[in-house]
Amino acid sequence: MRIARFSIDGNVAFGAVEGEGSDPAGLVLDIIKGIPYADFELSGTKVPLSKVRLLPPVIGNKILGVGRNYAEHAAELGNAVPDVPVVFLKPTTALIGTGDAIEYPSFSDEVHYEAELAVVIGRMCREVPRDRVKDVILGYTCANDITARDTQRAENQWARAKGFDTSCPLGPWVETGLDPSDLTIQCTVNGEQRQLGRTSDMIRSVEDLIVHITEAMTLLPGDVILTGTPAGVGPLSVGDEVAVTIEGIGTLTNKVIKRG
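The text that follows walks through the structure, step by step, so that each part is easy to find. These numbers were taken from a predicted model, which means no experiment stands behind them.

**Let's talk about the pattern of salt bridges**
Moving on, step 1. Inspection of every chain in the model, using the stated rule, returns 15 salt bridges.
Moving on, step 2. For Glu110, the salt bridge identified is with Arg153, shortest N-O distance 2.5 Å. On the criterion of sequence distance, the pair formed by Glu110 in the loop between strand S9 (101–104) and strand S10 (111–113) and Arg153 in helix H2 (residues 149–154) is long-range, its members being 43 residues apart.
Moving on, step 3. Through salt bridges with shared partners, a single ionic network connects Lys90, Glu114, Asp145, Arg149 and Lys162.

**Remarks on the sheet that holds strand S20 (residues 250–258)**
Moving on, step 1. Pairing is mixed across the open sheet formed by five strands, whose spatial order is S9-S20-S19-S15-S16. Where the open sheet ends on each side, the last strands, each with one partner, are S9 and strand S16 (192–198). Between one strand axis and the next, the sheet turns through 20° on average, direction left out of account.
Moving on, step 2. Bridge count for S9 against S20 is four bridges, and the pairing is parallel. Within S20, the position partnered with Tyr104 by the bridge is Lys258.

**What about the pairing of strand S14 (residues 168–175)?**
Moving on, step 1. Summarising burial for S14: eight of the eight residues are buried, a large majority.
Moving on, step 2. Where strand S1 (residues 2–8) and S14 come together, two bridges link them in antiparallel fashion. Within the sheet, the bridge partner assigned to Ile3 lies in S14 and is Val174.
Moving on, step 3. In this sheet, S14 lies alongside strand S8 (residues 95–96) in parallel orientation, the contact comprising two bridges. Within S14, the residue paired with Leu95 across the bridge is Cys168.

**Considerations on unusual backbone geometry**
Moving on, step 1. Of note, the amide linkage connecting Gly171 to Pro172 takes the cis form, showing an omega dihedral of 5°.
Moving on, step 2. The topology assignment puts Pro172 in strand S14.
Moving on, step 3. With a phi angle near 50°, Glu127 is a residue other than glycine that sits in the positive phi range.
Moving on, step 4. Its place among the elements puts Glu127 in the loop between strand S11 (115–121) and strand S12 (137–144).
Moving on, step 5. On the accessibility criterion, Glu127 (55% relative accessible area) is exposed.

About the cut-offs
Residues numbered from 1 in each chain as written. Predicted model: local features only at pLDDT ≥ 70, side-chain atom pairs only at ≥ 80, totals over all residues. Heavy atoms only, no water. Salt bridge = Lys/Arg side-chain N within 4 Å of Asp/Glu carboxyl O. Helix = DSSP H or I, 4+ residues; strand = E, 2+ residues; numbered from the N terminus. Pairing = 2+ DSSP bridges. Axes fitted to C-alpha atoms, helices over the stretch in contact; angles between N-to-C directions. Buried < 20%, exposed > 50% of the residue type's maximum accessible area, 1.4 Å probe, protein only.

So, to be careful, I would describe these as geometric facts and stop short of saying anything about function.
Spelled out as structure tokens, the structure:
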């Protein structure tokens, strides 16, 4: 099932996406009664996807990123593969949905795209054993871990470099029926391919990451884990359109504008 979060006529709701492909003209939303983190029913009330605004598919309590989880990406930035996962936090104020604008921050001159598979947590969990990881996952979506690379290099903490407003595009929806072990990840800028990788190249798997993170903290429904980016990261400029496509999910598209 594909679960979207959307607004229509000033109201926000979740809906199940029905139809084949990703062209809005051929898709409809069956509005969900309740929230997707618990037992829910489909209302039978349907609206065309083309008539709504897609929002970030979740608003959780926290977004956790994982750095240097693809060996070629670590190498392209001159970094060694870490002995343990490098985990950082992005605030939920960084979230935007597909079609929303990435605002180029005034404090940076080098903003990069980073296409990533995002894991959406479906239930409260802590110290998850490896054989129970699948039980705590709602599904998967596309993410773009927008990074002020010059700020990241200059500051020991990554909070400003990766946490500024609009730095976490997420969407277009959550796909619940997906095996994340070997999916194609692609990023294009203005239609030109910049990144092309596979989730099978991740150093630490989704299971590894959830086990590691939940040793330290409780995850709540709607929390998001960004699993790292393949090689090929690079700069964005005002006016660029950047798109992240993940096999089995769809495409997340955003345009870069000047802040203010």
